[in-house]
Amino acid sequence: MKTECLSEYVKLNQKAYPCTVSLTMDLVGGKWKAVILYHLKDGAKRYSELRKEMPSVTEMTLSLQLKQLEKDGMISRKVHGKKPPIKVIYSLTELGKSFVPILEAITQWGNELVIRKGEFIQRQ
């Protein structure tokens, strides 16, 4: 029997899930979480750098998603300085880095799909 089917629920950080797929999707699912992780996979970035790389995400959404990823242990947030302007750097934690091979597979699959059935377009 598959490991993920051995019990009725799985639990992580005091939260119960019906299966490991549900747990994973809670951590990285949605429109922006995986995209944020993708942009951090090659190194730490400031909030403003993430905003530039993801122009269609609103500031509020980016802020909320960063907080959730930090709370879930996927990214870390380091604050430099005590008075404005402070410098905030986001980077992947070890847990976040363990998701990089999955991100790369998702990216490759998406690229192949666009090559076969869609098109890449340039930002204006």
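These numbers were taken from a predicted model, which means no experiment stands behind them.

A. Layout of the overall build of the chain. Check the secondary structure of the chain and you find six helices and five strands. Each helix and strand of the chain, ordered N terminal to C terminal, gives the series β-β-α-α-β-α-α-β-β-α-α. The principal-axis extent of the C-alpha atoms belonging to the chain is close to 55 × 45 × 25 Å. Counting the 124 residues in the chain, one finds 27% classified as buried. For the chain, restricting intrachain contacts to residue pairs at least 6 apart in sequence, the fraction spanning at least 24 positions comes to 40%. Distance from the positive charge centre (21 side chains) to the negative charge centre (13 side chains) of the chain: 7 Å.

B. Here's a closer look at the packing of helix 1 (residues 20-28) against helix 2 (residues 33-40). Where helix 1 contacts helix 2, the axes come no closer than 7 Å and their chain directions differ by 70°. Taken as axis vectors, helix 1 and helix 2 run roughly perpendicular relative to one another. Note on element contacts: helix 2 touches helix 1 through Lys33, Ala34 and Leu37, opposite Asp26, Leu27 and Val28. Residue composition of the contact of helix 1 with helix 2, by class: four nonpolar, no polar and two charged.

C. Summary view of the confidence of the model for the chain. Of all residues in the chain, 94% attain a pLDDT of 70 or more, and the chain-wide mean is 92. Ranking the elements of the chain by mean pLDDT puts strand 1 (residues 10-12) last with 87 and helix 5 (residues 94-98) first with 98.

D. Quick look at the sheet that holds strand 5 (residues 87-92). Pairing is antiparallel in the open sheet, where three strands are placed in the order 3-5-4. Each edge of the open sheet is held by one strand with a lone partner, namely strand 3 (45-46) and strand 4 (75-80). Here strand 4 runs beside strand 5; their pairing, made up of six bridges, is antiparallel. For lysine 78, the partnering residue across the bridge sits in strand 5 and is isoleucine 89.

E. Structural view of unusual backbone geometry. Proline 84 connects to proline 85 through a cis peptide bond whose omega is 0°. Here proline 85 shows up in the loop between strand 4 and strand 5. Phi is positive for asparagine 13, which is not a glycine, with a value near 50°. Within the secondary structure, asparagine 13 is located in the loop between strand 1 and strand 2 (15-17). With relative accessibility at 57%, the residue asparagine 13 sits in the exposed group. If you check the backbone angles, glutamine 14 has positive phi at about 65° while not being a glycine.

F. A look at the pairing of strand 5. Counting buried residues along strand 5, five of its six residues qualify, which places the element largely inside the surrounding structure. Pairing geometry for strand 3 and strand 5, over two bridges, is antiparallel. By the bridge assignment for strand 5, arginine 46 is matched with isoleucine 89. Between the end of strand 4 and the start of strand 5, which pair antiparallel, lie six residues, with glycine 81 showing a positive phi angle near 100°.

Reading the values: rules and limits
Residues numbered from 1 in each chain as written. Predicted model: local features only at pLDDT ≥ 70, side-chain atom pairs only at ≥ 80, totals over all residues. Heavy atoms only, no water. Helix = DSSP H or I, 4+ residues; strand = E, 2+ residues; numbered from the N terminus. Buried < 20%, exposed > 50% of the residue type's maximum accessible area, 1.4 Å probe, protein only. Contact = heavy atoms within 4.5 Å. Lys, Arg positive; Asp, Glu negative; His and termini not counted. Charge placed at Lys NZ, Arg CZ, Asp CG, Glu CD. Axes fitted to C-alpha atoms, helices over the stretch in contact; angles between N-to-C directions. Parallel < 35°, antiparallel > 145°, perpendicular 65-115°, else oblique. Nonpolar A, V, L, I, M, F, W, Y, C, P; charged D, E, K, R; others polar. pLDDT = per-residue confidence, 0-100. Pairing = 2+ DSSP bridges.

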